[in-house]
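Listed below are the residues making up each chain.
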Amino acid sequence: TERLATTPIPLSYSRHTSRFLSIWTFTLPFVLVHIMDPIAAMVGQFFICWALLGTEMVGHMIEEPFGGDGQNQTEYLPLLRY
């Protein structure tokens, strides 16, 4: 189980989900404008994108909760402090 816990998610998978979400959020207004008026579409897009991109960020945080081996990794759960 230790090997499974230390195996990182492949970088290509992480990049693919980020690119897919970026393309999806940039094309979302073109779909929403046909369904509702433009102001409601902007508000709807804001909340939909906030939820999806926030979920993606939480996924990245869960992937490396104690920080990584890189120097720019943020330590979300300070394991060595306690």
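Sequence order as written defines residue numbering, which begins from 1 separately in each chain. Side-chain atom pairs in this predicted model are given and counted only at pLDDT of 80 or more, local residue features only at pLDDT of at least 70, and totals for whole chains, interfaces and linings cover all residues. Side-chain calculation: all heavy atoms of the structure are included, whereas hydrogens and water are not.

Here the focus is the overall build of the protein. Strands are runs of DSSP state E lasting at least 2 residues, helices are runs of H or I lasting at least 4, and numbering of each runs from the N terminus. For the protein, the count of helices and strands is three helices and zero strands. Ordering the α and β elements of the protein from the N terminus gives α-α-α. Within the protein, the proportion of its 82 residues that are buried is 12%. Two residues qualify as a contact provided that any one of their heavy atoms is within 4.5 Å of a heavy atom in the partner residue. Considering only contacts within the protein whose residues lie at least 6 apart along the sequence, 35% involve residues at least 24 apart. Three exposure classes are used, based on accessible area relative to the maximum for each residue type with a 1.4 Å probe and protein chains only: buried under 20%, partly exposed in between, and exposed over 50%.

Structurally, glutamine 45 can be placed in helix α3 (residues 38-63). For glutamine 45, a relative accessible area of 18% corresponds to the buried category. Filtering out sequence-adjacent residues up to four positions away, glutamine 45 remains in contact with Thr25, Leu28, Pro29 and Leu32.

A word on the side chain of glutamate 56. Inspection of the secondary structure puts glutamate 56 in helix α3. The positive count covers Lys and Arg only, the negative count covers Asp and Glu only, and His and the chain ends enter neither. A carboxyl oxygen of Asp or Glu within 4 Å of a side-chain nitrogen of Lys or Arg is what we treat as a salt bridge. Although glutamate 56 is buried, it forms no salt bridge, and the closest oppositely charged side chain is arginine 19 at an N-O distance of 10.0 Å. Those residues in contact with glutamate 56, other than ones at most four positions away along the chain, are Thr17, Ser18 and Leu21.

Further remarks concern a nonpolar patch on the surface. Candidates for patches are residues over 30% relative accessible area with no salt bridge; among them, like charges are joined within 9 Å and nonpolar side chains (Val, Leu, Ile, Met, Phe, Trp, Tyr) within 5 Å. To measure how exposed things are, a 1.4 Å probe is used in the Shrake-Rupley method; for residues, cover is taken only from the protein chains shown. A cluster of nonpolar side chains, namely Ile39, Met42, Val43, Phe46, Phe47 and Trp50, defines an oily patch on the protein surface of about 710 Å² accessible area. Residue position: phenylalanine 47 is located in helix α3. Note on phenylalanine 47: relative accessible area 49%, which makes it partly exposed.

Here we take up helix α2 (residues 11-35). With 25 residues, α2 extends 36 Å from end C-alpha to end C-alpha; this agrees with the ideal 36 Å at 1.5 Å per step. Where α2 bends most, the angle comes to about 35 degrees, and this point is threonine 27, followed within four residues by the proline proline 29. Three or more residues of α2 are buried, namely Ser14, Leu21, Thr25, Leu28 and Leu32. The inward-facing, buried residues of α2 contact α3. By this rule, a helix spans an expected 1.5 Å times one less than how many residues it contains. Two axes enter the bend calculation: one fitted to the seven residues ending at the residue in question, the other to the seven starting there, and the bend is the angle between them.

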